[in-house]
Amino acid sequence: MTLKDMQAAFQGAILCGDEDAPRGVEDGPRLNAAARFKIYYDAYRLRLAEGLSTEFPALRETLGDEAFGALFEAYLEGRPSRAFAAQDYCRGLPDFMREDPHWREQDNALGLAEFERALSRAFDAPDAPQLAIDVLAAQTPEDWPELTFVLHPSVQMIELPRSARSAYALSQSELSETADQEDAGGEDNAPMETVLFWRQRDLSFYRALSGDEEIALASLQRGTDFALICAVLAQNRPAEDVAGEAAGFLGRWFTDGLIAGIRAADPAGS
Amino acid sequence: MEKPAPLGFGLGLRHRYHAEIVKERPDIDWFEVISENYIGRGGRPLAILDDIRADYRIVMHGVSMSIASTAPLDFDYLGKLRDLARRCEPEWISDHLCWTGVHGVNLHDLLPIPYTREALDHVAERILRVEDFLQRRIAIENVSSYVTFAESEMTEEAFLRELAEKADCWLLLDVNNIFVSSFNHGFDPARFLDDIPQERVLQLHLAGHSDHETHKIDTHDQPVIEEVWSLFERACRRFGAISTMIERDDNFPPLHELVGELDRARAIAAAARIRREAAE
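Conventions and cut-offs
Per chain, the residues get numbers from 1 upward, laid out in the order the sequence is written. Chain A is the first chain written and ligand 1 is the first ligand written, with later ones labelled in order. Reporting of local features is limited, given that this is a predicted model, to residues whose pLDDT is at least 70; pairs of side-chain atoms are given and counted only at 80 or more, and all residues count toward the totals for whole chains, interfaces and linings. Water and hydrogen atoms were dropped before computing side-chain values, which therefore reflect all heavy atoms in the structure. In these notes, a set of buried Ala, Val, Leu, Ile, Met, Phe, Trp, Tyr and Cys residues joined through side-chain atoms within 4.5 Å is what counts as a nonpolar core. Burial classification: accessible surface area is computed with a 1.4 Å probe over protein chains only, and a residue below 20% of its type maximum counts as buried, one above 50% as exposed, and the rest as partly exposed. Secondary structure counts use DSSP, requiring at least four H or I residues in a row for a helix and at least two E residues in a row for a strand, with both numbered from the N terminus. For the domain bounds, the source is a domain assignment made automatically or taken from a database. Should any heavy atoms of two residues lie within 4.5 Å, those residues are counted as being in contact. In this scheme, strands are said to pair when DSSP sees at least two bridges between them. To define axes, lines are fitted to C-alpha atoms, for helices over the stretch in contact only, and angles between the resulting N-to-C directions are given on a 0 to 180 degree scale. UniProt positions are given in the numbering used here, feature names are shortened, and annotations may be inferred rather than shown by experiment. Think of a salt bridge as a Lys or Arg side-chain nitrogen and an Asp or Glu carboxyl oxygen that are within 4 Å of each other. In what follows, roughly perpendicular refers to angles from 65 to 115 degrees, roughly parallel to angles under 35, roughly antiparallel to angles over 145, and oblique to any angle outside these ranges. Helix crossings get a hand from a simple test, with the near helix turned counterclockwise from the far one by less than a right angle marking a left-handed crossing and a clockwise turn marking a right-handed one. Amino acids outside the nonpolar list (Ala, Val, Leu, Ile, Met, Phe, Trp, Tyr, Cys, Pro) and the charged list (Asp, Glu, Lys, Arg) are all regarded as polar, and Gly is one of them.

The name given to chain A in an unreviewed UniProt entry is DUF2063 domain-containing protein, with Methylocella silvestris as the source organism.

Here it is, written out as structure tokens:
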């Protein structure tokens, strides 16, 4: 048997769960070939089960071992890893759930999986400065309308079922490396909400966004200048309230560490 | 090519100990980092690595090169590995004598190979290509294994010896892996060590394992056991001063316990050096 044939057979037996060892595997001093091969069969599943449990602890707790195990088996069978890092493979779980006929109907579970992945991604996002609000003082009032901002790479805004945040908070009530900041408030009866994720120092944070803050932050993320952000907000409120609210949002974004850069208007107008 | 000077006694850098290492700067000579923990990632892990690099030398140790696979070499992975090496400036880069998957699949395990002439030629050719791509000589580690193949035409140590010559690579000898495999397959671990060419051995690994009576599994979740310390002493006598580190990947003890194991490794190596010099 060639090396190529041996590897195809060995991998096939691990993926398909053959009871028998692939041809060519020998009996050992204490275990027969099948028992020896089973060490690899079990290790594959155990390693990735541990990886998924580490990446999605709240999902596992919420679903329970049986349902989480079923999800794990479906993921392994339906989408074997093609990532070189096991962590990257595990983080693909929400994508699988969204495409799987059964799991895509499980809004709460899918939302919680997306929620936990966003926290992990915030933790691993590239470093960038997190500017203090003092940098605004260096700008002249005349420059403010044309200021644009760069968000920290860890910032994500994801629309999720409202249940995801509460399920996560419940599972993490004892201890976590994350923190749910005080919400800006949202539509209490809406089934969905937009959650903001980001990292500050070594911690991942999250909070729900109000509709206005979501619009303002999304506008800022797209490079919209401060004047236009105010104009967008003005569609929903009296004009005299807009500047104060926008300044309030901006102040909190600086305090939270969401702002990585600030750009004044290009003097050449290009 | 001259072998790099020994780094002393190091530990595997793991997230669990980052904060303590950054704060306390413990008496550890160097750190081995798992390449895949940093490839394609930013943020705190890389920032902490940069911080630790300011005071410690590092070595990059990978688990995804899949050097023995019959699938094509993954140059996307190798490119990222090269980028990380340019950033981190490791003393050297190592990976395992194993395969991790074929047909685009990654089983995330260090899978065994039959020790055949065909495998030897195949792996040596791939190591040479990787060394050419990375522009550096790499070190290849023996893995713990749980099966043997009827097709094998030589022992594992003979395979490693020939591979190091043919591919002009270094060897990273994992003493615990030698012990685990010797138990699982019924060979003499001392003979294994004695058959490895001294001039090719760049680094030693020490670790603990789990004992299942009928077999042992390389789990890195226990202290180094006495039999492995004895084998390490033999390795020190045979190979002389050599960079040595302890791997711990689960059931993490307080850092001072791992530093205590390193102190024991230092003492054993020092005693072995005296015996080696006395015998010369």
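Having put the structure on the table, let's press on.
Draft legend 1. Just the nonpolar core, in detail. Membership of the largest hydrophobic core comes to 132 residues, with the highest contact counts inside it found for F10(A), L59(A), M97(A), I113(B), L163(B) and F232(B). In terms of residue count, the dominant contributor to this core is helix α9 (residues 255-279) of chain B (eight residues). Counting the residues that make up this core, at least three belong to each of domain 1 (3-105) and domain 2 (126-263) of chain A. Among all residues touching I113(B), those that are not within four sequence positions of it are L3(A), Q7(A), A68(B), L97(B), W99(B), A119(B), V123(B), F149(B) and F159(B). Listed in part, the 25 residues of the second largest apolar core include L136(A), V242(A), A246(A) and F249(A).

Draft legend 2. Region of interest: the sheet that holds strand β6 (residues 170-174) of chain B. Residue and element names in this part refer to chain B. Taken in spatial order, the eight strands line up as β1-β2-β3-β4-β5-β6-β7-β10 and close into a barrel, and their pairing is parallel. Within the sheet, the average angular offset between the axes of one strand and its neighbour, ignoring direction, is 30 degrees. Two elements, strand β1 (residues 9-12) and strand β2 (residues 30-34), share three bridges in a ladder whose sense is parallel. Along β2, the bridge assignment pairs G12 with E32. Contacts from α9 reach β1, β7 (201-207) and β10 (243-247), with the element oriented near 145 degrees to β1.

Draft legend 3. Structural detail: the UniProt feature "domain: Putative DNA-binding" (unreviewed entry) in chain A. Using the residue numbers shown here, the UniProt feature "domain: Putative DNA-binding" (unreviewed entry) corresponds to residues 6-97 of chain A. The annotated region residues 6-97 of chain A carries 71% helix and 0% strand content, and the separation between its end C-alpha atoms amounts to 33 Å.

Draft legend 4. The domain arrangement of chain A, seen in detail. Partitioning chain A into domains gives domain 1 (3-105) and domain 2 (126-263). Placing the centre of domain 1 of chain A and that of domain 2 of chain A at their C-alpha centroids yields a distance of 39 Å.

Draft legend 5. Examining the pattern of salt bridges more closely. Evaluation of the coordinates by the stated rule reveals 39 salt bridges over all chains. Across the salt bridge formed by D76(B) and K80(B), the nearest N and O atoms sit 3.5 Å from each other. Of this pair, D76(B) and K80(B) both sit in helix α3 (residues 75-88), four residues apart, roughly one helical turn. Shared partners join several salt bridges into a network, and the residues in it are D95(A), R98(A), E114(A) and R117(A).

Draft legend 6. Summary view of the packing of helix α6 (residues 175-185) of chain B against helix α8 (residues 226-239) of chain B. Residue and element names in this part refer to chain B. One way to put it is that α6 packs onto α8 with a least axis distance of 9 Å and a crossing angle of 120 degrees. On the basis of the axis angle, α6 is oblique to α8. Crossing of α6 against α8: the hand is right-handed. In contact with V175, N176, I178 and F179 of α6, α8 contributes E227, V228, L231 and F232. Classifying every residue of the contact of α6 with α8 by side-chain character gives six nonpolar, one polar and one charged.

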